[in-house]
Amino acid sequence: MLSEKLKNNSFVLSISVILIAIFRLLLTATIPLLDKTEARYAEIARIMQETNQWVSLQIDYGIPFWAKPPLSTWLSAASFTAFGINEFASRFPSFLLSILLIVIAGKMAKKSGTSFYLPGFILLTMPEFLIHTGVVSTDTTLEFCVAIMMISFWQTMKSETKTYWNYLFFVALGFGFLAKGPLIIVLTFPPLFLWCCLDIKRFRDLFSKFSIIIGILITAIIAIPWYYFAEKETPGFLDYFIVGEHYKRFIEPGWKGDLYGSGHSQPKGMIWAFIFVFGLPWIQIVFYKLWKTRKTILKNSWISFLVLWLLWTPLFFTLSKNILHTYMLPVAFPIMFLIVYWWEDFTKKKLIIRIALIFPAIVFIAYFGLFASGKLDQYMNSDKYLLENIKIKTENKEIPLYYWKDKNYSGQFYTNGKSKVVKTEVQLDSILTLNKKIFFVIPTKDKKEIPEQYFEKMNLATSNYKTSIFVTK
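Owing to the predicted nature of the structure, the values given are computational and were not obtained by experimental measurement. (Residues numbered from 1 in each chain as written. Predicted model: local features only at pLDDT ≥ 70, side-chain atom pairs only at ≥ 80, totals over all residues. Heavy atoms only, no water.)

*Asks:* Mind showing me how you'd approach the overall build of the protein here?
*Replies:* Helix and strand counts for the protein come out as 23 helices and seven strands. By the compact-globule yardstick of 23 Å for 473 residues, the protein fits well, its C-alpha radius of gyration being 25 Å. With respect to the three principal axes, the spread of C-alpha positions in the protein is 80 × 50 × 40 Å. When each of the 473 residues of the protein is scored for burial, the buried share is 53%. Of the contacts formed within the protein by residues at least 6 apart in sequence, a portion of 73% connects residues at least 24 apart. Summed over all atoms, the accessible surface of the protein reaches about 22,100 Å², with 65% contributed by carbon and sulfur. Computed over 51 positive and 33 negative side-chain charges, the inter-centroid distance for the protein is 9 Å. (Helix = DSSP H or I, 4+ residues; strand = E, 2+ residues; numbered from the N terminus. Rg over C-alpha atoms; globule rule 2.2 N^0.38 Å. Buried < 20%, exposed > 50% of the residue type's maximum accessible area, 1.4 Å probe, protein only. Contact = heavy atoms within 4.5 Å. Areas by Shrake-Rupley, 256 points an atom, 1.4 Å probe, with all protein chains shown as cover. Lys, Arg positive; Asp, Glu negative; His and termini not counted. Charge placed at Lys NZ, Arg CZ, Asp CG, Glu CD.)

*Asks:* Quick question: what am I supposed to make of the pairing of strand β3 (residues 401-404) here?
*Replies:* A regular strand carries its side chains on alternate faces of the sheet. A two-sided burial pattern is seen for β3, the buried positions comprising L401 and Y403 on one face and Y402 and W404 on the other. In the sheet, β3 pairs with strand β5 (residues 439-443) via three bridges, with the strands oriented parallel. Within β5, the residue paired with Y402 across the bridge is F440. Both β3 and strand β4 (residues 420-422) contribute to a ladder of three bridges, which runs parallel. Within the sheet, the bridge partner assigned to Y402 lies in β4 and is K420. Each parallel crossover has a hand, and the one from β3 via helix α21 (residues 409-414) to β4 is right-handed. (Pairing = 2+ DSSP bridges. Right-handed = clockwise from strand over helix to strand, strands pointing away.)

*Asks:* Sorry, what's going on with the state of the cysteines here?
*Replies:* A disulfide bridge is the covalent bond that connects two cysteines by way of their sulfur atoms. The full count for this structure, using the stated rule, is zero disulfides. Between C197, a cysteine without a disulfide, and C196, which holds the nearest cysteine sulfur, the sulfur-to-sulfur distance is 7.1 Å. (Disulfide = S-S within 2.5 Å.)

*Asks:* Sorry if this is basic, but what is going on with the nonpolar core here?
*Replies:* By size, the foremost hydrophobic cluster in this structure holds 120 residues, and its most contacted members are F153, W282, F305, F333 and F337. Core analysis: the next-biggest nonpolar cluster, separate from the first, contains 14 residues, V422, I438, F440 and Y454 among them. (Core = buried A, V, L, I, M, F, W, Y, C linked by side-chain atoms within 4.5 Å.)

*Asks:* What's the story with the pairing of strand β7 (residues 467-472) in this structure? I'm lost.
*Replies:* Counting buried positions along β7 gives six out of six residues, so the element sits mostly inside the fold. Neither face of β7 is exposed, since T467, I469 and V471 on one face and S468, F470 and T472 on the opposite face are all buried. For β5 and β7, the ladder comprises five bridges, and the chain directions are antiparallel. Note on β7: the bridge partner recorded for F440 is F470. Of the strand pairs in this sheet, strand β6 (residues 458-463) and β7 are connected by five bridges, and their pairing is antiparallel. Along β7, the bridge assignment pairs N459 with V471. Hairpin connection, β6 to β7: the antiparallel pair is bridged by three residues.

*Asks:* Hey, could you run me through the packing of helix α4 (residues 87-111) against helix α16 (residues 332-342) in this one?
*Replies:* If you want to describe how two helices pack, look at the angle between their axes and the distance between the axes. Viewed as axis vectors pointing N to C, α4 and α16 meet at an angle of 25°, and their least axial separation amounts to 11 Å. Considering their axes alone, α4 and α16 lie roughly parallel with respect to each other. Between α4 and α16 lies a crossing of right-handed hand. Listed contacts from α16 to L101, A105, M108 and A109 of α4 are F333, M336, F337 and V340. Residues that form the contact of α4 with α16 fall into these classes: eight nonpolar, no polar and no charged. (Axes fitted to C-alpha atoms, helices over the stretch in contact; angles between N-to-C directions. Parallel < 35°, antiparallel > 145°, perpendicular 65-115°, else oblique. Left-handed = near helix turned anticlockwise from the far one by under 90°. Nonpolar A, V, L, I, M, F, W, Y, C, P; charged D, E, K, R; others polar.)

Listed below in structure tokens is the structure:
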């Protein structure tokens, strides 16, 4: 039975979840696609939808993208088919998966006698989860598959007989291979194995409650066909993806073999800093509570399950230098479940709720502050508004657009793949001698590379804090 304090807070929890979810949905439709990562995946999905090529991902026309499996791209491309080519369509699948996870967690919490809205409140006030509730990336699909696998494993092990959760575990595993590859095994199997080791009887339950042979077949049927056809269409994919992306990326600092960027070199152990920053304020509460109850952690099967789930991911990435803050996303769920389990013990719930609402409030104020002031276009890491400005300033919508050295992915997306690249002064000379009006996009940091004589032939058309677009006279 819920305590009176929880009942008093239930209205705040429900209203907060609904308002934050609506606000996050608004952001999916109004914030431009941001460079590099989000715009890149959106452009890959746009090309897939345009070319109707659903096996081999392409980072540009005819150039295969081997870095990631296709699940998130399939979802965005399908969304483009349903809603058109726009920001909302590219992000909507990610938003939908996050909301679905919130609903699943809410129903689990309600069965245990806790507010249905509490899990959603915890997740939507956690910076990393809120950010990825509507971001075009592979991390949301990975998080979804990891969460479904872990929940399915727990539900299967706690049931008296075989249930549909048993099969759902293998379905999620199969889609996990399509979300991020073999990493799905690395992030889930070790903590599950360690949890079973805490009580040897659990291994017996594992083999009696899981249809392992059928389950492996389910996983294989879901995952293997794409890998087979991807390698067949673009030979070399498996070597790059399996060896490069799943070994060298994490072992070699500043990995030089990345075909689509560069390794994100960080100090070893940086994953813990990411967790403590992007898991605010809940991760601090969790670690404080774990320290207070450290003597009984292993005696509680649910707590020990969640703790191993929580700790394994950062432990695995501790020695890796090539990491991003998004790598902490799979641990958002064990953090949430631990808070839900201890919620009744907290005596200062109202204070915790107020502190948790700080980050969403900051995002809300920043968004409407920039939006109301009309400065949103100046501070977004995207070429959308620049491209809109030059279309407004010219009647000819088909004036060629050239980028210096490299195209921005947002530029590719918002020109429907029609932008081009100038890599050398010789190429620039050749284009300018055509006496044809063109737009020339130059990152602010690269302007010094171009001799002043070229700027004498162009006028500034529009600019923001990081990019300028010139038009030939």
